[in-house]
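# Inside the fold
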Number of protein chains: 4
Amino acid sequence: MSLPSFLRRILGGGHGGADPRVRELARLCDALLAESGEYASTALARDALAAWQDLDERLRDEFFDVLATSYSPDAEALKGAAGAYQADPSNDSLLALQRATESPRRELFDRLNMAAGGTAALVEMRKALLQKLKARPQWRVIDYDLRRRLRSWFNRGFLRLERIDWHTSALLLEKLIQYEAVHAVQGWRDLRRRLESDRRCYAFFHPQLPDEPIIFIEVALTRGMSARVQPLLDVSAPVGAPASADSAMFYSITNCQEGLRGISFGNQLIKQVAEDLKREFPHLRRFATLSPVPGFRRWLEKSAPRELVARIEDPAWHLGEVPEELEKDLMRRCAYYLLREKQDEEPLDPVARFHLANGASLERLNWMGDTSESGMARSAGLMVNYVYWLAELERNHERYFREHLVLAAPAVEKLARECPPQGQAAA
Amino acid sequence: MSLPSFLRRILGGGHGGADPRVRELARLCDALLAESGEYASTALARDALAAWQDLDERLRDEFFDVLATSYSPDAEALKGAAGAYQADPSNDSLLALQRATESPRRELFDRLNMAAGGTAALVEMRKALLQKLKARPQWRVIDYDLRRRLRSWFNRGFLRLERIDWHTSALLLEKLIQYEAVHAVQGWRDLRRRLESDRRCYAFFHPQLPDEPIIFIEVALTRGMSARVQPLLDVSAPVGAPASADSAMFYSITNCQEGLRGISFGNQLIKQVAEDLKREFPHLRRFATLSPVPGFRRWLEKSAPRELVARIEDPAWHLGEVPEELEKDLMRRCAYYLLREKQDEEPLDPVARFHLANGASLERLNWMGDTSESGMARSAGLMVNYVYWLAELERNHERYFREHLVLAAPAVEKLARECPPQGQAAA
Amino acid sequence: MSLPSFLRRILGGGHGGADPRVRELARLCDALLAESGEYASTALARDALAAWQDLDERLRDEFFDVLATSYSPDAEALKGAAGAYQADPSNDSLLALQRATESPRRELFDRLNMAAGGTAALVEMRKALLQKLKARPQWRVIDYDLRRRLRSWFNRGFLRLERIDWHTSALLLEKLIQYEAVHAVQGWRDLRRRLESDRRCYAFFHPQLPDEPIIFIEVALTRGMSARVQPLLDVSAPVGAPASADSAMFYSITNCQEGLRGISFGNQLIKQVAEDLKREFPHLRRFATLSPVPGFRRWLEKSAPRELVARIEDPAWHLGEVPEELEKDLMRRCAYYLLREKQDEEPLDPVARFHLANGASLERLNWMGDTSESGMARSAGLMVNYVYWLAELERNHERYFREHLVLAAPAVEKLARECPPQGQAAA
Amino acid sequence: MSLPSFLRRILGGGHGGADPRVRELARLCDALLAESGEYASTALARDALAAWQDLDERLRDEFFDVLATSYSPDAEALKGAAGAYQADPSNDSLLALQRATESPRRELFDRLNMAAGGTAALVEMRKALLQKLKARPQWRVIDYDLRRRLRSWFNRGFLRLERIDWHTSALLLEKLIQYEAVHAVQGWRDLRRRLESDRRCYAFFHPQLPDEPIIFIEVALTRGMSARVQPLLDVSAPVGAPASADSAMFYSITNCQEGLRGISFGNQLIKQVAEDLKREFPHLRRFATLSPVPGFRRWLEKSAPRELVARIEDPAWHLGEVPEELEKDLMRRCAYYLLREKQDEEPLDPVARFHLANGASLERLNWMGDTSESGMARSAGLMVNYVYWLAELERNHERYFREHLVLAAPAVEKLARECPPQGQAAA
C-alpha cells in the first residue's frame, strides 16, 4: 500500500497514455530506482540520460509531466508521518517525517548523476525546465528537487577560480564569445584584445564541467577609474602597462549556465578576483565596476514628464551637443532612481542591488558611459561605478542586510536630492 | 513566532549552559546561517571549522548536543505545514511541507563546506559522530542531515578511479599502509612488493580530497586461481610476468573514510577495475576474490558440537597433520554456513553478502587459505573465491535482489548438502 | 701568446671600431666566457641576450662580423696542434687537435643558452644569420658553430609529438595560422574546420619552446585517396565520420622555425603520425600525401615548346573546357619531370625528393588537383599522391639511398614514357 | 681513400677479432651511421642500445676498444686539412679542419640518443667508461666525444629546479635514499624527517630523465647557524616552525649521476635554492653550509707531529673530556689547512675549493661538528660553516678567480695564524 508509485508501476501497468519514447524513458528511470542504492547501475543512468537527450521539446514536456506526478513522495505514507509528527514532535518523528518527504525524484537525480556527463546533462535538463516553469507551475516540485541537487553539487567549496588568457584552449575561449552577454564579443580579434596584458579574465569552474565556465568576469587595469566603456572595448586601443595601473575596472560579469539560475556565485567571484589582483599588483588602489543601469530607461518612461520621454525617444538625441540642463536632469533622475526607488526595501535596479549587497558603494554616475545601442536603450547611456573597498566589504554587506542602507558618494547623494519630484519637469 | 531558533538566539540569549568555547562555535554557526544565502561568508565558515577542530572530545559532544537540539526545523511551522498537507495533499502543500522539514543544520553543513578543507572536516565530523551514535540516539537527526550532504557530495559520478603504484606520492602510499585493514602492510618493503608489476592497486578519489583515497583494492595477477593468501603476501616472492597471468585475484579491499560509512562504492570499484584490467590484459580469463569468511568461527562456536569447538580452540590445532575427517567436517560446515545461514533472507556472512549482491558467484572453498592469526581466529583458516564473470554480473545481481539466490559452484553445493545437522558431530 | 683573443681583449683593448652598443655586447660575451666553466653566470647570459635583442639590423650585422673574427680558435695554437698531429697521428695528438679546433664561439653559445629563453633567442639569432649568409660567406664559421649547437639541442630524442586540436591554447593555434605556408589559413573559422573530427593535426615540440611548434602536419581522414585539395580546404564541407575513413591524406607539412633550417624532422613526423593514426583507426588502409609539384611550371618554361608555355601563360587557361590533348601533354610532361629530371642523381623536384627519400612511392598524378593561384603558378594545377606503405618504408628508403630508384606506379611510369622529347610539341 | 673507417668496414671486412656480440653491435652502429643524417632510424638506435645493455663487463670493454679505434676521424683526411690550415689559416680552411676533426663517434652518440631512453643509456655508458678510464688512457678519445654530447644536452638551461617533499613519488624518494652519500639515509623514517616542514630538499631534473635527479641538496631551517650535524639528522628531533627560523643550513649536496662527472651544477643549485628560500621566507638572514673537511685528517697524518697523529688514532680519543690544548691545536691546524694549504694556487681541501669558488666565505670552524665514524675518520670531527651572502657572491667569486683569495672570518684567520709550524707540536 505504501509502495512508492514507481514500484507499483514496475509491478503493474506503467505510465499511462504517454508517448512510447517517454514511457521507455520512464521505464529506465524506474529500473534505475529499483536497484538497491549502492548497486545502482551507471549503465542504466547513461541509457536514461541518452534517452532524455534524444527527446524533442514536446516529448520532454511530456516527460516533465510524468516526473511531476509519478515521482513524488507517497501521499499516504507522508500523511501518516505528518500526523505522527503533529501528535509528538520528537526527534524520531521528525526523522520519519523528513524521510517521508523525500521524493524518489531526488534519488533519481542522484543516480542519473552517476553517468559520465551526468552533471552537465542535469544542468541542461534544468535549463529546459526553467524555460517553461512559469507556464507550468505544477513542475515546481521538479525544480525544487533538481535545484537542491545542483545547489549541493555546485557548493562553492567545489568551484575553483581560474584565470583565462591567450594560453587557454580555443574550445573554452569560443564559449566566452558565445556566452558574453553584457558587451558582446566581436570575434577572435576582439577577444584577444580583452585578454591582453592590461586586461584580466577569470572564471569559476566545477570539476565535473572542465570545459564549461560557470561564471566569468572581465577586468581592465587602468590609470584612473574608467567612466566610459567604449574605450575599454576598443579593439585597437594601445595595450597599457599593468604595472602603472592604479585601478581594476570590472566591466563585465556573465553567468554562463542558465540551468544554474538562482545558484549564484558572482559576489564570491568579484571578491576573490579583487584579492588575487591585489596580491599580483600591490599598487592597485581601487577596485570598481563600470556597470549599466539596466532599469533606468524603463523607469523613466513611467515616471518622467512626457516631454523628456519623447525627447530621448529620438535615437539620435545624444549625438551632437546635448544641452547641459538635459544632462543634469537625467543625471539627477538616475541618482534618484538608484538611491530612492525600492522593491521590498532594496533598490529597484537589479545591478545596484547586486553590488550594494556585496558591500560595494555607489561612487559615481558617468554621463554617456555606454553609447552602444543597448546602452542607450536600457540605461539612457549612463553608467555607474560601484567601488569595492576590500577592507569594508564585510561591514557594508552586514549593514546592507540589516538596514538596507544604500552607500553612495556625497556627489551622488546630492544629485538624488536635486531630482525634481516624479512626473515633473526639471525646474 | 516562526523564526528559526538560531535567529531567536541571535536576537535573544544564545546557547544556555554550554562551555564558552562551544557557545562561541554556536555563535559562529549562527552568524554563518544569518547571512543571506549567496553572500554567506567563507571566512565565517573557516573560523567555525577551526573552532570545531580545536574542541576536545568532551566539548565536541557538547556541541553535538547543541546541534541536535538547536538546529532542527521549527516545530510550530512544521506542524502547520504537516496539517496543511494532510488537509490537501497538493503539489503546493507538498512543496511547503518539504521546505518546512529542511533543517537549518543541513544548510549549516552546506555553508561549512565552502571553506577550504571543508569537505574533509565534515567527513571527520561525521566520523566523530558515528563513534558515539549508538549511545546517543538523539544525535541521529544530525547524522541524517550530515549523511545526506556527504552522500550528495560523494555521488559516484564525482569519483575518479586512479591506479596507485610506485610513482604515487609517498604521502598517499603512507596512507595505504595506515588504512589497509584486511592484510596489514608490514612497512615500505611490503608495500613496494604489493605494487610490483604482477600486482595492481586502484583507489577512488574525490576532487576535494586529492590526497585521501576513499576506498582501495589490491589485485594480484596470477596463473591459476589463488587458494591461499600467504604466498600473495610474501615480500620475497619472485615477481611474475603479468603477460602470462590468466587470473586477477582481488585479495584486499579497504574503505578508508570512517566518516563515509554507509556511503559505499566497493561494488563499483571491483567492476571498474575488472574492466580496466580486461582492457590492459585481454588474456585474463578469470576475475576472482580471495576472501575471508569472517563470521564462520563465531557461528561454529554457537552451532557446532562441543568437541569440535574445543578442538579448534587449541591455537596449534592446524599445525602438523590435520585428520582428513576434521578437514572435511569444517569444509562442509563452512559451505553450509555460507549457503544456508541467513539474516533477513540474505547470507549471514557479510563478505558473502557483499560479493553475491555484486553478482559474483561462490566458486571454491580453500582449506588453510589464511593461516595468519586473524585468519585462524575469524575464519578457522578457510578462504573463499568469489568469481566475477563480467558478462553475468548484471543478471546475477538482479536475480540476487529478486530471489536472494546464492550462486555457488556444484562442489560447494555438495559440501553444504553433506553438512551434518547443526549441533551434531560429523557421522 | 696562445691566449684566446677574447682574453687578450679583456686585458687589452676590446673590439676595434664597432658601435658602442656592439662593443658593450662583445664585452658581455667576453665576461661570460672569462668565467670558469661551471660558474658561468646566467645573469651575464641574460644581459648579453637582451643586449643582442635590442640591436637593430645594422648593428646585428656588425656583431656578426665581430663574432666571425674575434671568437674563432686561436690560430697559432691550432697550427701547432695541426703540426703535432701530422707528425704523429696518435689518440693523444688527435685529442689535442680536437680541443684546439673548438672555437670560443661554440662555448659562448652554450653559455648564452643557460639564460631563460636562451634556446629561443639562439634560434632567432640563427634565423637572422641565415638571411644574409649567402652575401656574407665569412659568417659561415658562425653558422657552423651555431648549427652544431642547435642540432645537438634539437636532437630528435628530445622532441615530443603532440596532437593539436580545438583543446589547444589559442596562443599556439594562432601560430599555426601564421606559420602555415602551403595552404594558408583563412582565419579562425578555417582553422576550426581543419581541427574537426575528420581532420588531424600534429606537431613536434621541444621542452625549451613549449609554445612554439617546430614542425606541424595536417591530415584529412577520407574515403578514397583525395585527388584535389580544394574540397579538403572547404570551410563549409560537412564533417565526415572518421570511423568510416579508409585513407589518411597528409595535405600540408610546415617547418615553423627558420632558425632550424637544415635540421630536419619532417620524415620522422610523417612516420610517427602514420603509426599513431594506424593505432587509433586500425581500419585505415592508406597513408598518402596530396602534394604540390613546386618546380614543374618553372621547368616547363625552360623545357617545353613555346606554344605550350604561351598557352598556359593565360591565367584563365584552365577555366572552362580544357582540350584532352593538352591535359594529356601536361600530365606526361609532369610524369617525366618527376621521374627523369635529376639533380645529382636525385629527383629535381624538392617535394618528390623528400617523400621518395622517406621511402614513399609516387602513386598518382592528379589533374587540376590545386586550382588556387599558387597551385596554378607553381604546379600548373597538378598534384601528386605519394603513398606511405608503412611496412615497406625502411626498405624503400634504403634502396633509394643506394640506387636512387624512383618508385612509381605503372600508370605514372607509362605517362613518363609517353612524354615527347624535350622541346618538342606533343605528337 | 678518405672514406670513414666505418664505411670501409661495411664495404669490406668488419671489426677484426672481437666477440660476435660486439661485432653485431658494431654492425648496428655502422648501419646507423650509414643512414643519411635526417633519415637515421630510431629503430636501429634502439636495437644498438639494447645490444649494448646486454653486454657483460668484459664485452663492454671490448666494445670500448672498438669505439676508440674504429670511430675516430679519418687520419689521412685530417692530416690533409691540418696541412691546408697551416698553409693558409683562413675561415674556409678553419671550417674544413673543424669538419675533419669531427669523429663519427660523436655523430654515433647523437643518433643513439634518438632512441627512447637514449639519454639515460648514454649517461650509463659514460659511467661504465669512467670506471676504467685511468687504466685505459686510449679510451680518452671516447670520453672526449661523449662528454661533449652530454655537456651539450645537459646545458643548465635545460635543467629545472624542483622541490622534493612527501608529495613526491616513492620511486624518486627511494633514489634519494640510494644516492645520498654525505649523510646516509637510514630508511623511510629518516627520509620523512628530512622532508618535514623545517627541512627542504631540492633537485635539478632534465626533461629526458624525469624520474632521475641530477643533483640534490638538503636544507635545514634553523634558529642560529648550526654547528653540529648530528642534531640535524636526529630522526626524533621535534619539527621546528620554519616561520621562526633565521638560517638556512645546507647540510648535504649529492651528485647523483656518475656518468655526468665533470659536468657540474652544484653551484647553480645552491644559488637558486637560496634565492627561492629567500622569496618564500623573507626573514631568513643567513644561508650557510655545514660542511665536512674531508682532506684534513689525511693531511694531518702527513704534516702533524707523531704524538698528535698517534693520539687521534685511538677511535675513542674524542669521547669523554678532551683536553683544551688538544682542541685548540686541532682547530688551529684545521684553519691553517683550509686557509694556507694549496693545490695550484687553490685550497687543497676540495669542499673549501667548491664553496669559495662559488663566492662563499669561510665563517666558522665547529669542534665536534660531526662525530659519526666517517666524520671522525675524514675530518677529525670538525665541520665548517661556509656562508653565502647573496649580495656578494658575484663579487667574491670574481675575486676568487682573479686572486684566489680565501675569504674567511677574522676568528678563523686568527686560528690559522696561531698554528704551530708544520711538523712541530703545539707550544
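All of the points below concern the structure found in this document. (Residues numbered from 1 in each chain as written. Chains lettered and ligands numbered in written order. Predicted model: local features only at pLDDT ≥ 70, side-chain atom pairs only at ≥ 80, totals over all residues. Heavy atoms only, no water.)

### Some points on the relation of the copies chain C and chain A
In the superposition of chain C on chain A (RMSD 0.1 Å, axial shift 0.1 Å), the rotation amounts to 179°. In the structure described here, the two chain copies are related by an operation that fits a two-fold rotation axis. Minimal C-alpha distance to the rotation axis in chain C is attained by Ser-169 of chain C, lying at 2.0 Å. With an isologous cut-off of 70% or more, the 100% of interface residues of chain C that recur at the interface of chain A puts this contact in the isologous class. (Least-squares fit on C-alpha atoms with pLDDT ≥ 70 in both. Contact = heavy atoms within 4.5 Å.)

### What about the packing of helix 13 (residues 266–280) of chain C against helix 17 (residues 350–358) of chain C?
Residue and element names in this part refer to chain C. The interhelical angle for the contact between helix 13 and helix 17, taken along N-to-C directions, is 55°, at an axis separation of 10 Å. One element, helix 13, and the other, helix 17, form an angle in the oblique class. Of the two elements, helix 13 crosses helix 17, and the hand of that crossing is right-handed. Across the interface between the two elements, Gly-266, Asn-267, Ile-270 and Lys-271 of helix 13 pack against Phe-354, His-355 and Asn-358 of helix 17. (Axes fitted to C-alpha atoms, helices over the stretch in contact; angles between N-to-C directions. Helix = DSSP H or I, 4+ residues; strand = E, 2+ residues; numbered from the N terminus. Parallel < 35°, antiparallel > 145°, perpendicular 65-115°, else oblique. Left-handed = near helix turned anticlockwise from the far one by under 90°.)

### Examining the pattern of salt bridges
Within the structure shown, the criterion is met by 150 salt bridges over all chains. Put simply, Arg-332 of chain C and Glu-418 of chain C hold a salt bridge, and the shortest N to O gap is 2.9 Å. On the criterion of sequence distance, the pair formed by Arg-332 of chain C in helix 16 (residues 324–340) and Glu-418 of chain C in helix 20 (residues 410–418) is long-range, its members being 86 residues apart. The partner of Glu-180 of chain D in a salt bridge is Arg-194 of chain D, with the nearest N and O atoms 3.3 Å apart. Taken as a pair, Glu-180 of chain D in the loop between helix 10 (170–179) and helix 11 (187–194) and Arg-194 of chain D in helix 11 lie far apart in primary sequence, 14 residues in all. Note on Glu-180 of chain D: relative accessible area 5%, which makes it buried. One connected set of salt bridges, linked through shared partners, spans Glu-57, Asp-61, Lys-132 and Arg-136 of chain A. (Salt bridge = Lys/Arg side-chain N within 4 Å of Asp/Glu carboxyl O. Buried < 20%, exposed > 50% of the residue type's maximum accessible area, 1.4 Å probe, protein only.)

### Description of the interface of chain C and chain D
Much of the literature gives interface size as the accessible area that the parts lose upon coming together. Taken residue by residue, the interface counts 62 residues in chain C and 62 residues in chain D. For the interface between chain C and chain D, the tally reads six salt bridges. Summed over the shared surface of chain C and chain D, the result is 25 residue pairs in polar contact (both at pLDDT 80 or more). Every element with two or more residues in the side of chain C that touches chain D is listed here: helix 5 (75–87), helix 6 (91–101), helix 7 (104–112), helix 9 (140–153), helix 13, helix 17 and helix 19 (393–403) of chain C. In terms of residue count, helix 9 of chain C provides more of the side of chain C that touches chain D than any other element does, 10 residues in total. Grouping the constituent residues of the side of chain C that touches chain D by class yields 21 nonpolar, 24 polar and 17 charged. (Polar contact = N/O pair within 3.5 Å; in protein donor to acceptor, adjacent residues only side chain to side chain. Nonpolar A, V, L, I, M, F, W, Y, C, P; charged D, E, K, R; others polar.)

### A look at the arrangement of the chains
In this assembly chain B lies apart from chain C, the nearest approach of their C-alpha atoms being 15 Å. Without any contact between them, chain A and chain D keep their closest C-alpha atoms 15 Å apart.

### Brief notes about the pairing of strand 5 (residues 286–289) of chain B
Pairing of strand 4 (residues 247–255) of chain B with strand 5 of chain B, which is carried by four bridges, proceeds in the parallel orientation. Following the sheet pairing, Ser-247 of chain B is matched in strand 5 of chain B by Arg-286 of chain B. (Pairing = 2+ DSSP bridges.)

### Concerning the packing of aromatic side chains
The final tally for this structure, using the stated rule, is 53 aromatic pairs over all chains. Between Trp-188 of chain B and Trp-166 of chain D, the ring centres sit 5.8 Å apart and the planes meet at 75°, which makes this aromatic pair edge-to-face. Of this pair, Trp-188 of chain B sits in helix 11 (residues 187–194) while Trp-166 of chain D sits in the loop between strand 1 (160–163) and helix 10, on two different chains. Using a relative accessible area of 14% as the deciding quantity, one classes Trp-188 of chain B as buried. Residue classification places Trp-166 of chain D among the buried residues on the basis of a relative accessible area of 8%. A network of ring pairs unites the aromatic residues Trp-52, Phe-63, Phe-64 and Trp-139 of chain A as a single cluster. It is Arg-60 of chain A that lies over the ring of Trp-52 of chain A; its NZ or CZ is 3.7 Å from the centre. (Phe/Tyr/Trp six-rings, centres within 6.5 Å; stacked < 30°, edge-to-face > 60°. Lys NZ or Arg CZ within 6 Å of the ring centre and 35° of its normal.)

### Things to note about the side chain of Asn-366 of chain D
When you line up the elements, Asn-366 of chain D lands in strand 8 (residues 361–366). Ignoring any residue separated from it by four or fewer positions in sequence, one finds Asn-366 of chain D in contact with Ser-226, Ala-227, Leu-290, Gly-381, Leu-382, Met-383, Val-384 and Asn-385 of chain D.

### Re the interface of chain C and chain A
Opposite the 11 residues of chain C that make contact, chain A presents 11 residues. The largest share of the area that chain C buries against chain A comes from Trp-166, His-167 and Trp-188 of chain C, three residues that together contribute 47% of it. When the shortest N-O distance is used, the salt bridge between Glu-174 of chain C and Arg-192 of chain A registers 2.5 Å. The set of elements that each furnish at least two residues to the side of chain C that touches chain A consists of helix 10 (170–179) and helix 11 (187–194) of chain C. The element that contributes the greatest number of residues to the side of chain C that touches chain A is helix 10 of chain C, accounting for four residues. Residue classes in the side of chain C that touches chain A are distributed as five nonpolar, three polar and three charged. (Buried area = accessible area lost by both parts, 1.4 Å probe.)

### Describing the relation of the copies chain C and chain D
After a rotation of 180° and a shift along the axis of 0.0 Å, chain C superposes on chain D with an RMSD of 0.1 Å. The share of interface residues of chain C whose copies in chain D are also at the interface is 100%, consistent with both copies meeting through the same surface.

### Considering the pairing of strand 2 (residues 199–205) of chain D
Residue and element names in this part refer to chain D. Summarising burial for strand 2: seven of the seven residues are buried, a large majority. Of the two faces of strand 2, the one carrying Arg-199, Cys-201, Ala-203 and Phe-205 and the one carrying Arg-200, Tyr-202 and Phe-204 are both buried. The sheet contact formed by strand 1 and strand 2 spans four bridges and is antiparallel. Looking at strand 2, one finds that Leu-161 is bridged to Phe-204.

### A short note on the environment of Glu-218 of chain C
Residue and element names in this part refer to chain C. Inspection of the secondary structure puts Glu-218 in strand 3 (residues 215–222). Put simply, Glu-218 and Ala-203 are 15 residues apart on the chain and 9.1 Å apart in space, counted from C-alpha to C-alpha. Ignoring sequence-local partners within four residues, the contact set of Glu-218 consists of Glu-180, Arg-194, Arg-200, Cys-201, Met-249, Phe-250, Tyr-251 and Ser-252.

### A look at the sheet that holds strand 1 (residues 160–163) of chain A
Residues and elements named next belong to chain A. With mixed pairing, seven strands are arranged side by side in an open sheet as 1-2-3-4-5-9-8. Two strands in the sheet have a free side with no partner beyond their single neighbour: strand 1 and strand 8 (361–366). Looking at each pair of strands side by side, their axes are set apart by 30° on average, direction ignored. Pairing of strand 5 (residues 286–289) with strand 9 (residues 383–388), which is carried by two bridges, proceeds in the antiparallel orientation. Bridging from a neighbouring strand, Ala-288 pairs with Val-387 of strand 9. Here helix 17 (residues 350–358) sits on the sheet in contact with strand 5, strand 8 and strand 9, set at roughly 15° to strand 9.

### Some thoughts on unusual backbone geometry
Of note, the phi angle at His-404 of chain C is positive, near 55°, even though the residue is not glycine. Residue placement: His-404 of chain C occurs in the loop between helix 19 and helix 20. His-404 of chain C gets classed as buried once you look at its relative accessible area, which sits at 16%. The phi torsion at Met-368 of chain D lies on the positive side, around 55°, for a residue other than glycine.

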